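# Chains, contacts and geometry: an overview
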Amino acid sequence: TPRRTVTPSLHVKGAPDYIEFLKRALGAVEEMRAEGPAGSVRYARLRIGDAAIELGEGEPMPGSFLLYVADPDDRYQRAIDAGAASIMPLTNQPYGRMGGVEDATKNQWFFSRPTPA
């Protein structure tokens, strides 16, 4: 994945499990991993669609992310099936179809298909 001007970087506890969650819930593809002591993850880079996300073990600092996807219903359900909790049921809004979930580390993931202009 090419480097972007801004790349989200997450600090999470239990990074190996969190990486698996991102793969199941968001279709993330792991590009690189540097392991730390006792199976922890010092650094990992994953690709979600055309974007990169980086993460490592650390004191969690939750963030909020908006993913524009072709099928928000599928992504929302995949995240729920992978263990996320609903924080915004899927609904049609004036700006498009959107729903959101919160993962075990309190990061919020919103899935949207914008209304065509």
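Along each chain, the written sequence defines residue order, and numbers are assigned to residues from 1. In view of the model being predicted, local features appear only for residues whose pLDDT reaches at least 70, and side-chain atom pairs are presented and counted only at 80 or more, with totals across whole chains, interfaces and linings using the full set of residues. Heavy atoms throughout the structure, all of them, feed into the side-chain values; hydrogens and water do not.

### Quick notes on the overall build of the protein chain
Tallying secondary structure elements over the protein chain gives 2 helices and 8 strands in all. Secondary structure elements are taken from DSSP: a helix is a run of H or I of four residues or more, a strand is a run of E of two residues or more, and numbering for both begins at the N terminus. The N-to-C order of helical and strand elements in the protein chain reads β-α-β-β-β-β-α-β-β-β. Here the globule rule is a power law, 2.2 Å times the number of residues to the power 0.38, and the radius of gyration is based on C-alpha atoms. Its C-alpha atoms give the protein chain a radius of gyration of 14 Å, within 12% of the compact-globule value 13 Å for 117 residues. Residue burial in the protein chain is summarised as follows: out of 117 residues, 39% are buried. Partitioning the intrachain contacts of the protein chain with sequence separation of at least 6 by distance along the chain shows that 50% fall at a separation of at least 24. For the accessible areas, the method is Shrake-Rupley and the probe is 1.4 Å, while residue cover comes only from the protein chains on display. Just so you have it, the protein chain exposes about 6,500 Å², and 54% of that area is on carbon and sulfur atoms. His is not counted, nor are the chain ends; Lys and Arg add positive charge and Asp and Glu add negative charge. In plain terms, the charge of a residue is placed at NZ if it is Lys, CZ if Arg, CG if Asp and CD if Glu. The positive charge centre, built from 14 side chains, and the negative charge centre, built from 15, are 3 Å apart in the protein chain. Three labels apply to residues, based on accessible area from a 1.4 Å probe with only protein chains included: buried if under 20% of the type maximum, exposed if over 50%, partly exposed otherwise in between. The contact definition used throughout considers only heavy atoms, calling two residues in contact when any of these lie within 4.5 Å.

### What to know about the packing of helix 1 (residues 15-26) against helix 2 (residues 72-81)
For helices, the axis comes from a line fit to the C-alpha atoms of the stretch in contact; other axes are also lines fit to C-alpha atoms, and the angle between any two N-to-C directions lies between 0 and 180 degrees. Contact geometry of helix 1 with helix 2 gives a least axis separation of 7 Å together with a crossing angle of 145°. When helix 1 is examined against helix 2, the residues Phe21, Lys23, Arg24, Ala25 and Leu26 are found in contact with a partner set consisting of Arg75, Arg78 and Ala79. Partitioned by chemical class, the residues of the contact of helix 1 with helix 2 number 4 nonpolar, no polar and 4 charged. Each residue gets one of three labels, nonpolar for Ala, Val, Leu, Ile, Met, Phe, Trp, Tyr, Cys and Pro, charged for Asp, Glu, Lys and Arg, and polar for the others, Gly among them.

### Notes on the packing of aromatic side chains
For this analysis, a ring pair means two rings from Phe, Tyr or Trp (six-membered ring only for Trp) whose centres lie within 6.5 Å, classed as stacked if their planes differ by under 30 degrees, edge-to-face if by over 60, and tilted for the remaining angles. Taken as a whole and assessed by the stated rule, the structure comprises 2 aromatic pairs. Ring geometry for Phe65 against Trp109: centres 4.6 Å apart, planes inclined by 25°, an arrangement best described as stacked. With a gap of 44 residues between them, Phe65 in strand 5 (residues 64-68) and Trp109 in strand 8 (residues 108-114) connect regions that are remote in the sequence. An identical accessibility class is assigned to Phe65 and Trp109; each is buried.

### Observations concerning the sheet that holds strand 6 (residues 85-93)
The sheet built from 4 strands is open, its strands ordered 5-8-7-6 with mixed pairing. In this open sheet, the two strands that pair with only one neighbour each are strand 5 and strand 6. Averaged over neighbouring strand pairs, the angle between their axes works out to 15° when direction is ignored. Docked against the sheet, helix 1 engages strand 5 and strand 8, running at close to 20° with respect to strand 8. Helix 2 rests against strand 5, strand 6, strand 7 (96-102) and strand 8 of the sheet, and its axis sits at about 170° to strand 6. The pairing criterion is simple: DSSP has to find at least two bridges between the two strands.

### What to know about the side chain of Arg45
Inspection of the secondary structure assignment puts Arg45 in strand 3 (residues 41-48). Side-chain polar atoms of Arg45 contact the side chain of Tyr43, separated by 3.4 Å. Within 3.5 Å is the distance limit for a polar contact, defined as a pair of N or O atoms, with the added protein rule that one can donate a hydrogen and the other accept it, and that residues adjacent in sequence qualify only through two side-chain atoms.

### Brief notes about unusual backbone geometry
Phi angles above zero are rare outside glycine, and Ala38 is one such case at about 55°. Considering the arrangement of structural elements, one finds Ala38 in the loop between strand 2 (29-35) and strand 3. Judged by relative accessible area, which is 87%, Ala38 ranks as exposed. Located in the positive-phi region is Lys106, a residue other than glycine, with phi close to 80°.

### Describing the sheet that holds strand 3
Judged by pairing direction, the sheet is mixed, and its 4 strands sit side by side in the order 1-4-3-2 without closing on themselves. The strands lining the two open edges of the sheet, one partner per strand, are strand 1 (9-12) and strand 2. In this sheet, adjacent strand axes meet at a mean angle of 20° when their direction is disregarded. Across 5 bridges, the pairing between strand 3 and strand 4 (residues 51-57) is antiparallel. Across the sheet, Arg47 pairs through a bridge with Ala52, a residue of strand 4.

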